[in-house]
Amino acid sequence: MRKYLFPLTSLAMLAACGAALADAPITNWLQNPVTPLAEAVRADFWNNFWLTLPFLLIPQIVLVLVIFKFRASLGHAAATWHENPKLEFVWTAIPVLTLILVAIPAYSVLVKMEVPPKSDLVVEVIGHQFFWEYRYPRYGVIISNEPLVVPANKVVTINATSVDVIHAWWVPAFGVKQDANPGRISHAWFSAREGRYKGQCAELCGTLHGEMLIDVNVLPQADFDNWIKARMPADTTGASATSTSREP
Ligand SMILES: [Cu+2]
């Protein structure tokens with residue numbers, strides 16, 4: 001009985017881990033995507049997961065089988081042969097092919113991220129130690145230390161920068177994580193479904209880095225128009241505030 005103790009304990013531990021994971025909602029470790037970009041990132045994640053999973057499983061399974069099947073106590077002598085060009089060719093070609101299958105869709109997601117479509121709204125995101133400032137240049141509105149408000153299902157372009165050190169504007173549900181560098185403007189974009197979303201500065205920027213939280217309220221267009229009108233400086237409220245017209 002004692003010789004089965006180790007394999008049996010291992011199996012019991014594996015089963016316990018499996019049961020614990022099966023109960024945990026997947027959103028605990030990967031937030032649900034609410035933008036086309038985040039959906040593309042998620043699809044790419046699963047593509048890579050399934051493509052690379054066999055490389056983890058097959059060698060481990062073969063290793064365990066070989067250890068048991070060819071063990072010395074069954075009378076097996078150690079193998080003395082080496083080199084097998086055919087086998088080496090196959091186990092080089094399969095990873096190369098897999099890497100190509102990983103790279104092609106990943107590159108197309110990268111291009112999608114880097115090249116924003118024509119934007120409906122431009123927001124300037126400015127990182128400070130230790131808060132976020134948001135500017136809506138089209139409306140002359142500047143806010144800080146409060147949620148970013150944007151219209152739903154519209155292309156929002158983020159121009160990110162910083163006044164001090166490197167920060168990063170990260171909202172997982174949007175599939176957006178963009179560095180905000182001092183002296184440089186970097187770009188990101190999203191088109192989100194209605195809702196409230198959370199994020200966090202993703203670049204260690206000092207003692208209160210952990211307090212640089214991000215809240216985004218994605219409102220229906222009409223609600224966004226009302227919100228922005230209420231925030232506009234008095235001398236510009238007479239101007240047209242229809243945010244559906246496209247930004248240059
Ligand atoms: Cu930070």
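Coordinates for the structure precede this section.
Throughout what follows, the structure given in this document is the object of discussion. Just so we're clear, the structure is a prediction, and the values are computed from it rather than from any experiment.

Structural notes on the packing of helix α2 (residues 36-69) against helix α3 (residues 85-114)
Here is step 1 of the chain: For the pair α2 and α3, the least separation of the axes is 10 Å and the interaxial angle reads 170°. Between α2 and α3, the angle falls in the class roughly antiparallel. Contacts from Pro 36, Leu 37, Ala 40, Val 41, Asp 44, Asn 47, Asn 48, Leu 51 and Phe 55 of α2 reach α3 at Ile 94, Pro 95, Thr 98, Leu 101, Val 102, Pro 105, Ala 106, Val 109, Lys 112 and Met 113.

Comments concerning the coordination of the copper ion
Here is step 1 of the chain: All of the protein donors around the copper ion are Cys 201 (SG), Glu 203 (O), Cys 205 (SG) and His 209 (ND1); their distances to the metal are 2.0 to 2.6 Å.
Here is step 2 of the chain: Coordination at the copper ion comes from 4 donor atoms whose angles at the metal span 84 to 130°, giving a geometry best classed as irregular.
Here is step 3 of the chain: All donors of the copper ion come from a single chain, and their spacing in sequence reads C-x1-E-x1-C-x3-H. His 209 shares its class with Cys 201; the two are buried.

Some details on the pairing of strand β5 (residues 156-162)
Here is step 1 of the chain: With 7 of 7 residues buried, β5 is to be regarded as a mostly interior element.
Here is step 2 of the chain: Both faces of β5 are covered, namely the face carrying Val 156, Ile 158, Ala 160 and Ser 162 and the face carrying Thr 157, Asn 159 and Thr 161.
Here is step 3 of the chain: In terms of strand pairing, strand β1 (residues 121-128) meets β5 through 7 bridges, oriented parallel. When the sheet's bridge partners are listed, Val 125 is paired in β5 with Ala 160.
Here is step 4 of the chain: Across 5 bridges, β5 lies against strand β8 (residues 186-190) in antiparallel orientation. Of the residues in β8, the one forming a bridge with Val 156 is Phe 190.

Some details on unusual backbone geometry
For residues besides glycine, phi is generally negative; the peptide bonds are generally trans as well.
Here is step 1 of the chain: The linkage connecting Gln 129 with the following residue, Phe 130, adopts the cis geometry, with an omega of 10°.
Here is step 2 of the chain: Relative to the helices and strands, Phe 130 resides in the loop between β1 and β2 (131-136).
Here is step 3 of the chain: The phi angle at Glu 83 is positive, at roughly 70°, despite the residue not being glycine.
Here is step 4 of the chain: Relative to the assigned elements, Glu 83 resides in the loop between α2 and α3.
Here is step 5 of the chain: Here Asn 153, not a glycine, exhibits a phi torsion of approximately 55°, which is positive.
Here is step 6 of the chain: Note that Asn 153 resides in the loop between β4 (148-151) and β5.
Here is step 7 of the chain: A relative accessible area of 53% means that Asn 153 is categorised as exposed.

Re a nonpolar patch on the surface
Here is step 1 of the chain: A surface patch of nonpolar side chains, amounting to about 740 Å² of accessible area, comprises Leu 56, Leu 57, Ile 58, Ile 61, Val 62, Leu 65, Val 66 and Phe 70.
Here is step 2 of the chain: Assignment of secondary structure puts Ile 61 in helix α2.

Thoughts on the nonpolar core
Here is step 1 of the chain: Core analysis: the largest hydrophobic core is formed by 40 residues, its most contacted members being Val 123, Tyr 136, Trp 169 and Phe 174.
Here is step 2 of the chain: When near neighbours in sequence (up to four residues on either side) are disregarded, Tyr 136 contacts Leu 121, Val 122, Val 123, Val 141, Ile 143, Leu 148, Val 149, Phe 224, Trp 227 and Ile 228.

Some words on the packing of aromatic side chains
Here is step 1 of the chain: If you walk through the whole model with that rule in mind, you get 12 aromatic pairs.
Here is step 2 of the chain: When the centroid spacing of 4.9 Å and the interplanar angle of 80° are considered together, the rings of Phe 49 and Trp 50 count as edge-to-face.
Here is step 3 of the chain: Taking relative accessible area as the criterion, Phe 49 reaches 30% and is therefore assigned partly exposed.
Here is step 4 of the chain: Between Trp 169 and Phe 190, the ring centres sit 6.2 Å apart and the planes meet at 15°, which makes this aromatic pair stacked.

Focus on the side chain of Thr 161
Here is step 1 of the chain: With respect to the secondary-structure elements, Thr 161 resides in strand β5.
Here is step 2 of the chain: Looking at Thr 161, its side chain comes within polar contact range of the main-chain oxygen of Asn 181, at 3.1 Å.
Here is step 3 of the chain: Here Arg 184 takes part through its backbone oxygen, which lies 2.9 Å from a polar atom of the side chain of Thr 161.
Here is step 4 of the chain: Setting aside its immediate chain neighbours within four residues, Thr 161 contacts Val 125, Ile 126, Gly 127, Ala 180, Asn 181, Gly 183, Arg 184 and Ile 185.

Quick word on the sheet that holds β4
Here is step 1 of the chain: Pairing is mixed across the open sheet formed by 5 strands, whose spatial order is β4-β10-β9-β6-β7. Looking at which strands have only one partner, the edges of the open sheet turn out to be β4 and β7 (176-180). Ignoring strand direction, the axes of neighbouring strands in this sheet form an average angle of 25°.
Here is step 2 of the chain: Taken together, the 4 bridges between β4 and strand β10 (residues 213-219) define a ladder with parallel strand orientation. The partner of Pro 151 across the bridge, within β10, is Leu 219.

Reading guide: rules and limits
Throughout, residues of each chain are indexed from 1 in the direction in which the sequence is written. At least 70 in pLDDT is required for a residue's local features to be given in this predicted model, at least 80 for side-chain atom pairs to be given and counted, and no such filter applies to totals for whole chains, interfaces and linings, which use all residues. With hydrogens and water excluded, all non-hydrogen atoms of the structure serve as input to the side-chain values. In this analysis an axis means a line fitted to C-alpha atoms, helices contributing only their contacting stretch, and an angle means the value between N-to-C directions, from 0 to 180 degrees. Numbered from the N terminus, helices here are DSSP runs of H or I no shorter than four residues, and strands are runs of E no shorter than two. Small angles under 35 degrees read as roughly parallel and large ones over 145 as roughly antiparallel, with 65 to 115 read as roughly perpendicular and the rest as oblique. A contact between two residues is defined here by any heavy atoms of the two lying within 4.5 Å. As a rule, N, O and S atoms within 2.8 Å of a metal are its donors, except that Na, K and Ca use 3.2 Å; water is not among the atoms, so sites may look incomplete. In short, tetrahedral needs four donors with all angles between 85 and 135 degrees, square planar needs four and octahedral six donors with opposite donors over 155 degrees apart and all other angles between 65 and 115, and whatever is left is irregular. Burial here depends on accessible area, computed with a 1.4 Å probe over protein chains only, as a share of the maximum for the residue type. Under 20% is buried, over 50% is exposed, and the range in between is partly exposed. Paired strands, as defined in this entry, are two strands with at least two bridges between them according to DSSP. By definition, no residue in a patch forms a salt bridge, and every one has over 30% relative accessible area; like charges are joined within 9 Å, nonpolar side chains (Val, Leu, Ile, Met, Phe, Trp, Tyr) within 5 Å. In this description, accessible areas are obtained by the Shrake-Rupley approach with a 1.4 Å probe, and a residue is regarded as covered only by the protein chains that are shown. One speaks of a salt bridge when a side-chain nitrogen belonging to Lys or Arg is within 4 Å of a carboxyl oxygen belonging to Asp or Glu. The criterion is simple. A nonpolar core is a set of buried Ala, Val, Leu, Ile, Met, Phe, Trp, Tyr and Cys residues joined through side-chain atoms within 4.5 Å. What counts as a ring pair is set by centres within 6.5 Å for rings of Phe, Tyr and Trp (its six-membered ring), and what kind of pair is set by the plane angle: stacked under 30 degrees, edge-to-face over 60, tilted for all other angles. Within 3.5 Å is the distance limit for a polar contact, defined as a pair of N or O atoms, with the added protein rule that one can donate a hydrogen and the other accept it, and that residues adjacent in sequence qualify only through two side-chain atoms.

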